[in-house]
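Summary of the model geometry
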Amino acid sequence: MRDLAAAAIRSYMKEIGLAEDLSTLLPKGIRLEFPKKEGFGEISTPVAMHLAPLLKLPPRKIAESLRQELMDASLFQSIEIAGPGYLNFIFSEQSIRDALLKALDETSDPVIPEDSKRKILLEFVSANPTGPLHVGHGRGAAYGDALSRILKAVGHEVKTEYYINDAGNQMEMLGRSTCLAWRKLIREVPQKEEEAFLKGGTPYKGDYIRDLARLILDTPGLLTEQEARNALDPLAPEDEYLGKFTEIAQSRIMEGIREDLRQFGVAFDTFFSEKDLHRPSEGPGTDAITLWIARIREASGRNEKGNVPDVFESEGALWLRTTLLGDDKDRVLLRSDGRLTYFAADIAYHAQKIQQGFDLLVDVWGADHHGYIPRMNAAIRTLSDLLDRPVEFRVALIQLVSLVRDGRPVSMSTRGGEFVTLREVLDEVGVDATRFSYLVRSHESSVEFDLNKAKERSMDNPVYYVQYAHARVRSLLRQAQSRGVEIPVVWKSADLEALSEPAERELVRILDRFSYVLNEASRSLEIHPLTEYLTDLAGHYHHFYFHHRILSQELHDKKIMVARIGLSVAVGRILKTGLGLLGISAPDVM
RNA sequence: GCGCCCGUAGCUCAGCUGGAUAGAGCAGUAGACUACGAAUCUAAAGGUCGGGGGUUCAAAUCCCUCCGGGCGCACCA
């Protein structure tokens, strides 16, 4: 219905010769709102006010001529002018019935697809395999997963990927931490030995490290006898055993992460290992990262667009001049000790994404990585020009989840070992409530997750409010069936003519908004509008259900009963679809 | 010091591509189960939109400034 109003306005503007420069006239398009308040129309637009300074006419006068032209009795019951120049549309009964029929049509998707379909690579979670997923990762997982579902629902091609940072110092430290814990299970470790072994680094702590050490000790064959002997001897060469600890720890942790994700209902199309980028293909210096640096180096200066910055040497290191592309300082690619930086690996990783033909790359990061955006922007522009492929890069920053337990903040640090795992929360609160809590707020604002509230008072969680509305619909249909009521398989306009209550009309208008909400969500990469929408829809259905009888035949005629069942079926369908997009179940009974 | 995010009802947060009387949930107050599921519904109450300037016909929304909170500013990942 929103589209009808927009189309009507657009065609009128075309008639008066404004259409061709509509986008310059109104660069933000025709704004259409869904007023919450009664008396402000079912759809309204301040477009006359926007046009006033351009046409040099009073807004109400413009509104009046728009009203005259737009009035089409088959679409609108009335169009009113209000306030400083609002156009408020009230739909015709036929428009309302048509909208409901659309929601009831099983043969068509309730979502209107986007005009331009894109090929999107959505990377999220990507937690380092140095410890189990905690509640912060959970938020990113819930967000990314829901986003991928929404993007697919509006017609985009989406691939989801988890980038495993399994190279670099942190993995060595994981191995050391595990080895140290293992030693401590066998014998006393003098402080001096511990300090020397850690080389000034901070070890990972926490139960999971001890569990890993215990597992290695208790599982025969994980270490060879020789490795075990060396690992106990501080004087033995570390190369002989440390890698083994790293390997075991990492693979077990990664298995745990995959299991957590599976339990959380989050599926990835691919897991991409950073190690693959470091692996030479045919001899020294033929790893992907080094090759990409060479390609950029070669292209810089010879590129017509001038968007490929140069690679230069300074202080014994190799740098990329990202300042040419908006970064505030140049960045190191190859350290003076000959090791590649994380940034260099990320360039190769994203180059590979672009080569696969994606035209939109979405990275979901923790908010503490925001300082990394300018250099990645520079990298993407570099690669885009180098490969001559236009590509858009967007980062969704997931703000912090701060935990509160017993009224006090819980600190979270993987290394300190003091954190609440996603698994713990899932076990106590459940998948549906956890996902809903994550998705009910904008990912851009930090959120307080009260563990006690989530655990002890879980029935107050709004997720049950929405699920209950769905269960109510199903229950109603079961009742109808047991009473032998005939429910149409294919709905026709005539089946719905008996609808006349304002509450019914309101529900149809909300149902009609579903597609619009999804389109907005997919463009803005925001999930919470959908969560709010579903809560709103559920609320209106509860209201309607409480105040209007549906099945008792003595109160009204059969036509009203059938029409209200139709309305309920449509509500149930949209609730189920919407919850599904959030990765939340829509139970038939609760 | 520089940069990013945030400050809205007692609490947790929507609204911020400028538009009508700033919204919801929770808590608290007062009510509704002989009727398709009360995990529901109804009503009232609750506000210097952090402070101050500015732009505008119109500012919670845009700009400046100050205050308060969080997070970044590596040849770590």
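Owing to the predicted nature of the structure, the values given are computational and were not obtained by experimental measurement.

What counts, and at which threshold
Residues numbered from 1 in each chain as written. Chains lettered and ligands numbered in written order. Predicted model: local features only at pLDDT ≥ 70, side-chain atom pairs only at ≥ 80, totals over all residues. Heavy atoms only, no water. Helix = DSSP H or I, 4+ residues; strand = E, 2+ residues; numbered from the N terminus. Buried < 20%, exposed > 50% of the residue type's maximum accessible area, 1.4 Å probe, protein only. Contact = heavy atoms within 4.5 Å. Lys, Arg positive; Asp, Glu negative; His and termini not counted. Charge placed at Lys NZ, Arg CZ, Asp CG, Glu CD. Pairing = 2+ DSSP bridges. Axes fitted to C-alpha atoms, helices over the stretch in contact; angles between N-to-C directions. 1 Å grid on protein atoms, 1.4 Å probe; cavity = no way out; pocket = protein on both sides within 12 Å on 5 of 7 lines; lining within 4 Å. Points joined across faces, edges and corners; volume = space filled by probe spheres on them. Nonpolar A, V, L, I, M, F, W, Y, C, P; charged D, E, K, R; others polar.

1. Brief notes about the overall build of chain A
- Looking only at helices and strands, chain A features 22 helices and 14 strands.
- Oriented by its inertia axes, the alpha-carbon framework of chain A measures out at about 90 × 65 × 45 Å.
- Counting over 590 residues, chain A shows a buried share of 52%.
- Restricting to contacts in chain A with at least 6 residues of sequence separation, those with at least 24 account for 73%.
- Chain A carries 74 positive and 87 negative side-chain charges, and their two centres are separated by 2 Å.

2. Observations regarding the pairing of strand β7 (residues 311–314)
- Across four bridges, the pairing between β7 and strand β8 (residues 317–320) is antiparallel. Across the sheet, residue Glu-313 finds its bridge partner in β8, namely Leu-318.
- Counting the residues between successive antiparallel strands, the hairpin from β7 to β8 contains two residues, one of them, Glu-315, with a positive phi of roughly 50 degrees.

3. Considerations on the sheet that holds strand β5 (residues 157–164)
- In spatial order, the strands read β6-β5-β4-β10-β11; together these five strands make up an open sheet with parallel pairing. Taken across any chain shown, the strands that pair with only one partner, and hence form the sheet edges, are β6 (270–273) and β11 (392–398). Neighbouring strand axes in the sheet, compared pairwise and without regard to direction, differ in orientation by 25 degrees on average.
- As paired elements, β5 and β6 share four bridges and run parallel to each other. In the strand pairing of β6, Glu-161 is matched with Thr-270.
- Strands β10 (360–366) and β11 of the sheet are contacted by helix α15 (residues 373–387), whose axis makes an angle of about 160 degrees with β11.

4. What to know about empty space enclosed by the protein
- By the definition in use, this model includes one cavity of 30 Å³ or more.
- Space inside the largest cavity adds up to approximately 50 Å³.
- Lining the largest cavity are Arg-139, Tyr-143, Tyr-438, Leu-439, Arg-441, His-443, Ile-527 and His-528.
- Elements that contribute at least two residues to the lining of the largest cavity include exactly α6 (135–153) and α17 (431–439).
- The residue makeup of the lining of the largest cavity, split by class, is four nonpolar, two polar and two charged.

Worth remembering: the numbers are spatial, not functional.
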